[in-house]
Number of protein chains: 2
Amino acid sequence: MAKLDFSPIPDTTRRAEIVALLRRAILTGQLEPGQKLNELRISEQMRVSRAPLREAMRELVQEGILTSIPYAGTFVIDVTAKDIIDAYSLNKVLDEFAIELAWPQRDRRFFDELDRRHEAVKQATRAIDTTRQIETALQLHGLIYEWADNSVLLETWQRLTSRLQMYFALHQRARNEPVPAENVHETYVALMKGSEMRAAQRHAREHIDLDFEELLGYARGLEKRATKN
Amino acid sequence: MAKLDFSPIPDTTRRAEIVALLRRAILTGQLEPGQKLNELRISEQMRVSRAPLREAMRELVQEGILTSIPYAGTFVIDVTAKDIIDAYSLNKVLDEFAIELAWPQRDRRFFDELDRRHEAVKQATRAIDTTRQIETALQLHGLIYEWADNSVLLETWQRLTSRLQMYFALHQRARNEPVPAENVHETYVALMKGSEMRAAQRHAREHIDLDFEELLGYARGLEKRATKN
DNA sequence: GACAAGCAGATTGTCGACAATCTAACAAGA
DNA sequence: TCTTGTTAGATTGTCGACAATCTGCTTGTC
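The structure displayed is predicted, hence computed values, not measured ones. (Residues numbered from 1 in each chain as written. Chains lettered and ligands numbered in written order. Predicted model: local features only at pLDDT ≥ 70, side-chain atom pairs only at ≥ 80, totals over all residues. Heavy atoms only, no water.)

**With respect to unusual backbone geometry**
Stage number 1. In the Ramachandran plot, A:Ile128 falls in the positive-phi region, its phi being about 55 degrees despite a non-glycine side chain.
Stage number 2. Using a relative accessible area of 59% as the deciding quantity, one classes A:Ile128 as exposed.
Stage number 3. Despite not being glycine, B:Asp149 shows a phi value in the positive range, around 60 degrees.
Stage number 4. By the element assignment, B:Asp149 lies in the loop between helix H6 (130–147) and helix H7 (151–175). (Buried < 20%, exposed > 50% of the residue type's maximum accessible area, 1.4 Å probe, protein only. Helix = DSSP H or I, 4+ residues; strand = E, 2+ residues; numbered from the N terminus.)

**A closer look at the nonpolar core**
Stage number 1. A:Ile144, A:Met192, B:Ile144 and B:Met192 are the most contacted members of the largest nonpolar core, which totals 130 residues.
Stage number 2. Other than its neighbours up to four places away in sequence, B:Met192 contacts B:Ile99, B:Trp103, B:Arg106, B:Phe110, B:Phe111, B:Leu114, B:Ile144 and B:Ala200. (Core = buried A, V, L, I, M, F, W, Y, C linked by side-chain atoms within 4.5 Å. Contact = heavy atoms within 4.5 Å.)

**A word on the relation of the copies chain A and chain B**
Stage number 1. Rotating chain A by 180 degrees and translating it 0.0 Å along the rotation axis places it on chain B, where the RMSD comes to 0.0 Å. Taken together, the rotation and translation describe the operation of a two-fold axis.
Stage number 2. Here 100% of the contact residues of chain A are again contact residues in chain B; the copies associate through an equivalent surface. (Least-squares fit on C-alpha atoms with pLDDT ≥ 70 in both.)

**A word on the pairing of strand S2 (residues 66–69) of chain B**
Stage number 1. Bridge count for S2(B) against strand S3 (residues 73–76) of chain B is four bridges, and the pairing is antiparallel. When the sheet's bridge partners are listed, B:Ile69 is paired in S3(B) with B:Gly73. (Pairing = 2+ DSSP bridges.)

**Describing the side chain of B:Gln133**
Stage number 1. Locating B:Gln133 in the fold gives a position in helix H6.
Stage number 2. By relative accessible area, B:Gln133 is classed as buried at 8%.

**A look at the protein's contact with DNA strand C**
Stage number 1. Within the structure, DNA strand C sits among 20 residues, and A:Arg14, A:Ser49, B:Asn38, B:Arg50 and B:Arg54 are positioned closest to it.
Stage number 2. For DNA strand C, the fraction of atoms within 4 Å of the protein that belong to sugar or phosphate moieties is 74%.
Stage number 3. Between DNA strand C and B:Glu39, the relevant distance is 3.4 Å, taken from a phosphate oxygen to a main-chain nitrogen or oxygen of the residue.
Stage number 4. In this structure, a base nitrogen belonging to DNA strand C sits 2.8 Å away from a side-chain N or O atom of B:Arg50.
Stage number 5. By residue class, the composition of the surface near DNA strand C is eight nonpolar, four polar and eight charged. (Near = heavy atom within 4 Å. Polar contact = N/O pair within 3.5 Å; in protein donor to acceptor, adjacent residues only side chain to side chain. Nonpolar A, V, L, I, M, F, W, Y, C, P; charged D, E, K, R; others polar.)

Here you go:
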């Protein structure tokens, strides 16, 4: 019997679709930080009743990208410089741990997938699709978490990723510059294929620091921004 | 004008109360792993309509202690040995990080709070209130996370704590033994007051390992248990 | 007896309407 | 003028009913 991997059938509830739609809108920056989500308006736009919409929003609140105040409304989280610092410093620690766990698990499929995702980043970069570039870059880094074989760690990282993606998207939107070079991840990929785990961990830390500095500059600009709406 | 700290007014939505009720039922083991939550039955028991109940369940799904299958139902998560191992190994990493961040932030209030929470554990132990003992012990360990001044880290730990509390409760329920000694946290507290950060970190790792071994034994027994309901 | 089709019951997903609460504008009084 | 009470409008929270889906049983056919 031929070995065949079926992809999971899509969640065919309105709720799941709404979650995906809203998450995408938030993570790409179409919904701005601090913005209020009017249930009636959104439900009418989506041609959906408020029940599944509200359930979807509850999920995103727990996911950490929305915040809810009873009888006042649900808002996109505000982003402060400290939030970005906090997320990144935790990310460093998790990366180091994930590399340690994933290291002995690396196999042929790992390396293939590493190349595939790296290629996806480069392609998005060439196409100057910044949104997709951010997505693919995070997916590239997510590989070590998938291979770490620790479900709690993976979940934790996915939560963190939501925020990182949002931060990056806001950053890109704000400066509105051409995307970074195509080969920023070359060294990372090479090290993940190599035999020096410590070197890979060290690079991960430093690599993160690089992007971080840029993001932080953007974050500082945010600090004095008052929450409107 | 006298300086007065008001505690935040409680969330007076049914949803919030339901979340608290359900969470407590799950974390104390009253709702068993794998068990299905019948919406109609629960909503009738709570004298509440299904809408807020469903929203509450959505929150707990995202919190990681419930799992939902569309059109099939919502279930308490199953606990496997691997889940416990994963949670603990991540906890070790986070503890080390939290101690590092919190270390320079320790002040008078920190030490006071440390004693207060330690006392709470000992009191629960004397009262042989195992549920409360687990709660207070986790709160004691949570102090370093609160002092670490990293909101993402704190959130992450709180999510993790939900599971740890559940695992401990199940463990206690299963063996049904008198609670451990009253002074298990003496060394931890002493080290957190001391000046040797490395020693504190090392102890945290080892202390965790101690409880872990016991829990793991319980977890192994779970492995062959089929999911009923 | 084995198996597929179809039906009935139970359960989850979704809807539209009503109740509770908040906000902001306005009026009244010190 | 400032403060306080009131009220109207908008928005969120909750409810009960209906639609979609699943599960297990029954029935009919071979």
